[in-house]
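So you can see what is in the structure, the chains are spelled out below.
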Amino acid sequence: MMWATAMGTGFAGLLIAASQPDDELSPPRFQKYADWERGFLLGAALGAPFGVMLGGKMAKGKGAPEGVLLGALAGGGMAVLTSQLRPEKKVEDTMFLLVPAFSMLGSIIGYELSHASNLPSRSTDSTVSLLPAVSVDTKGSALGLTGQF
């Protein structure tokens, strides 16, 4: 379900980006391919949380919409931060590729965390944890999340 809503809103974002005028005086026309691509990826990033929520409801999950949206926002924020920390100067290209992926991942994690918190507790020792992970070596660094559900 997530891919269907992501593709639908991605296509809507592509159409919106492709029909924008270059300036306020010129009529709408198709712009360069990079604008289409960015519109699609941004639309997909916005549609993924809705697909996660619909898919979870279809599977009779107990995740909360707030968890999904907070997860998507956190994932999008992590994508922006990650793209800003890259040593290359192509921040915009990296950001528009990372935002949909991190938004999808964040919305899934947010749904699962809210789902786990809405379930009745099985025992007192079951915990949910989500921790940042950083890896640094001579070729660069990596930032990620580790979790136990």
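Heads up: the structure comes first, above all this text.
Just so it is clear, the structure is predicted and the values come from calculations on it, not from any experiment.

Draft legend 1. Molecular detail of the overall build of the protein chain. The secondary structure content of the protein chain amounts to 4 helices and 2 strands. In the protein chain, which comprises 149 residues, the proportion classed as buried is 30%. When contacts within the protein chain are restricted to residue pairs at least 6 apart in sequence, those whose partners lie at least 24 apart make up 57%. For the protein chain, the accessible surface area stands at approximately 10000 Å², while carbon and sulfur atoms represent 67% of it.

Draft legend 2. Focus on unusual backbone geometry. With a phi angle near 60°, Lys-60 is a residue other than glycine that sits in the positive phi range. Following the sequence through the fold, Lys-60 ends up in the loop between helix H2 (33-58) and helix H3 (65-85).

Draft legend 3. Structural context of a nonpolar patch on the surface. Judged by side-chain polarity, Leu-81, Leu-85, Val-134, Val-136 and Leu-143 come together as a nonpolar surface patch covering roughly 500 Å² of accessible area. Residue Leu-81 is classed as partly exposed on the basis of its relative accessible area, which comes to 40%.

Draft legend 4. The arrangement of the environment of Ile-109 in detail. For Ile-109, the location among the structural elements is in helix H4 (residues 91-118). In this structure the C-alpha to C-alpha distance between Ile-109 and Ala-72, which are 37 residues apart in sequence, comes to 8.7 Å. Not counting chain neighbours up to four residues away, the residues in contact with Ile-109 comprise Leu-130, Leu-145 and Phe-149.

Draft legend 5. Region of interest: the pairing of strand S2 (residues 140-148). Alignment of strand S1 (residues 129-137) against S2, held across 9 bridges, turns out to be antiparallel. Across the sheet, residue Ala-133 finds its bridge partner in S2, namely Gly-144. The antiparallel hairpin formed by S1 and S2 contains 2 residues in its connecting segment.

Draft legend 6. How the structure looks around H3. Its 21 residues place the ends of H3 30 Å apart at the C-alpha level, agreeing with the 30 Å of an ideal helix rising 1.5 Å per residue. Along H3, the positions that sit buried rather than exposed are Gly-67, Val-68, Gly-71, Ala-72, Gly-75, Gly-76, Ala-79, Thr-82 and Ser-83. Taken around the axis of H3, the buried residues stretch over an arc of 165°, which confines them to a single face. Of the exposed residues in H3, the ones pointing more than 90 degrees away from its buried face are Glu-66, Leu-70, Leu-73 and Leu-85.

Draft legend 7. Broad picture of the environment of Leu-131. Following the sequence through the fold, Leu-131 ends up in strand S1. Distance in space between the C-alpha atoms of Leu-131 and Gln-148 is 8.9 Å, their sequence separation being 17 residues. Apart from residues no more than four positions distant in its own chain, Leu-131 is found in contact with Gly-144, Leu-145 and Thr-146.

Thresholds applied
- Residues numbered from 1 in each chain as written.
- Predicted model: local features only at pLDDT ≥ 70, side-chain atom pairs only at ≥ 80, totals over all residues.
- Heavy atoms only, no water.
- Helix = DSSP H or I, 4+ residues; strand = E, 2+ residues; numbered from the N terminus.
- Buried < 20%, exposed > 50% of the residue type's maximum accessible area, 1.4 Å probe, protein only.
- Contact = heavy atoms within 4.5 Å.
- Areas by Shrake-Rupley, 256 points an atom, 1.4 Å probe, with all protein chains shown as cover.
- Patch = residues over 30% accessible without salt bridge, like charges linked within 9 Å, V, L, I, M, F, W, Y side chains within 5 Å.
- Salt bridge = Lys/Arg side-chain N within 4 Å of Asp/Glu carboxyl O.
- Pairing = 2+ DSSP bridges.
- Expected span 1.5 Å × (residues − 1).
- Arc of directions from axis to C-beta.

These figures capture arrangement, not role.
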